[in-house]
Amino acid sequence: MQADVQAAAKPRAVSASQQRAAKGFRKELKKNFDLYLYLVPGFVYFFVFCYIPMFGLLIAFKDYNIFKGVFASDWVGLQHFRDMLSLPDFYEIVRNTLMLNLLGLIVGFPAPIILAIMLNEVGSKLFKRVSQSLLYLPHFLSWIILGGIIYNILSPKYGIVNELLRSLGLGEIHFMASPFWWVVVYTLSGVWASAGWGTIIYLAAMSNIDPHLYEAAVIDGAGRWRKIIHITIPGIMSTVVILLILNVGHMVSIGFEHPFALMNPVVSDVAEVISTYTYSIGLKGGEFGLTTAIGMVQSLVNLVLILGANYAARKMGREGLW
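These numbers were taken from a predicted model, which means no experiment stands behind them.

S.K.: Just to check I follow, could you spell out the overall build of the chain for this structure?
M.R.: The number of helices and strands found in the chain is 16 helices and two strands. Its C-alpha atoms give the chain a radius of gyration of 26 Å, clearly above 20 Å, the size a compact globule of 322 residues would have. Expressed as lengths along the three principal axes of its C-alpha atoms, the size of the chain is roughly 100 × 75 × 40 Å. In the chain, buried positions account for 33% of the 322 residues. If you take every contact in the chain between residues at least 6 apart in sequence, the share linking residues at least 24 apart comes to 63%. When the accessible surface of the chain is totalled, it reaches about 20800 Å², and 68% of it is carbon and sulfur. Once the 24 positive and 19 negative side-chain charges of the chain are each reduced to a mean point, those two points are 13 Å apart.

As structure tokens, then:
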């Protein structure tokens, strides 16, 4: 009898708890309504441009006809996925994508961290502001503009780099026609374009470090290098781990503009990546089902990578994304 009474009272307790939570949420919403209102454009953006287009994933399982539409087109099952694996250049393209992303992660990921630490140690505010403005500038330029600048700087005939090599008695280098040098240029140009902008996050993280820690370190006789090693780097480590997880989660995805702006037919063996390939066979060739299948596989692999990276970070005692 007592058990029946407790069982009957339990739903009422849960309901009361839910009512208190709902009341607390309404109170919080009313109190900070203007702040929550700022979230609306973000929610609308992701809903319209990220969630609604997910219905287009049906194209990966259909013989898509632009005149019939997505829902009226005939089903083909997993045929596009089988066609993807049988593409003659598929594994080469995946290799190029992984190689360029891995090099970008190894070379490009530490660059903004090092740059932010250097800027944080600068004493002159004027020099720091001017340096930050110059470092941020490439981020706001299109890759078409940056690609044109790179081609002109590295031109065998008129480029300043080859002019300098000739003045030193060295032979000219065809940077954009050599597969090895093209990969080097691609990696370093990515660092040039993104490192300055990436310092914003790390500088913000450094501003949250308690300044009393630096004062105590000075009293203990610590120099600048020891303060960086024992205070600054541990202070931003949680931010570093989160950004590393996000970067690992994009290992099989690569932007379209960067490789497209720098690639040419001579170096297509190392420059052709998934994004440029899907552009060629999808928009130019009309293989919408095949390119949707490739994009779907990319997203699934990225999901597995980001889940694995987050799990590894939590196992090592670091804060992950969740």
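S.K.: What is the right way to look at the packing of helix α12 (residues 224-248) against helix α16 (residues 288-315) in this model?
M.R.: Two numbers describe a pair of packed helices, the interaxial angle and the distance between the axes. Interhelical geometry of α12 versus α16 gives an angle of 155° and a closest axis separation of 8 Å. Considered as vectors, α12 and α16 are oriented roughly antiparallel to each other. For the pair α12 and α16, the sense of crossing is right-handed. Counted together, Val-241, Ile-245, Leu-246 and Val-248 of α12 and Leu-305, Ile-306, Ala-309, Asn-310 and Ala-313 of α16 form the full contact between these two elements. Each residue belonging to the contact of α12 with α16 can be placed in one class, and the counts come to eight nonpolar, one polar and no charged.

S.K.: I'm lost on the domain arrangement of the chain in this one. Help?
M.R.: A common measure of how large an interface is: the accessible area buried when the components associate. Entries for the chain in the domain assignment read domain 1 (2-65) and domain 2 (79-315). Computed over C-alpha atoms, the centres of domain 1 and domain 2 are 36 Å apart. Taken residue by residue, the interface counts eight residues in domain 1 and seven residues in domain 2. Interface of domain 1 and domain 2: buried area, both sides summed, is about 570 Å²; carbon and sulfur atoms make up 80% of it. Counting across the interface, domain 1 meets domain 2 through zero salt bridges. Inspection of the domain 1/domain 2 interface yields one residue pair in polar contact (both at pLDDT 80 or more). Here the side of domain 1 that touches domain 2 is built from residues that sort into five nonpolar, one polar and two charged.

So, how was this worked out
Residues numbered from 1 in each chain as written. Predicted model: local features only at pLDDT ≥ 70, side-chain atom pairs only at ≥ 80, totals over all residues. Heavy atoms only, no water. Helix = DSSP H or I, 4+ residues; strand = E, 2+ residues; numbered from the N terminus. Rg over C-alpha atoms; globule rule 2.2 N^0.38 Å. Buried < 20%, exposed > 50% of the residue type's maximum accessible area, 1.4 Å probe, protein only. Contact = heavy atoms within 4.5 Å. Areas by Shrake-Rupley, 256 points an atom, 1.4 Å probe, with all protein chains shown as cover. Lys, Arg positive; Asp, Glu negative; His and termini not counted. Charge placed at Lys NZ, Arg CZ, Asp CG, Glu CD. Axes fitted to C-alpha atoms, helices over the stretch in contact; angles between N-to-C directions. Parallel < 35°, antiparallel > 145°, perpendicular 65-115°, else oblique. Left-handed = near helix turned anticlockwise from the far one by under 90°. Nonpolar A, V, L, I, M, F, W, Y, C, P; charged D, E, K, R; others polar. Domains from an automatic or database assignment. Buried area = accessible area lost by both parts, 1.4 Å probe. Salt bridge = Lys/Arg side-chain N within 4 Å of Asp/Glu carboxyl O. Polar contact = N/O pair within 3.5 Å; in protein donor to acceptor, adjacent residues only side chain to side chain.

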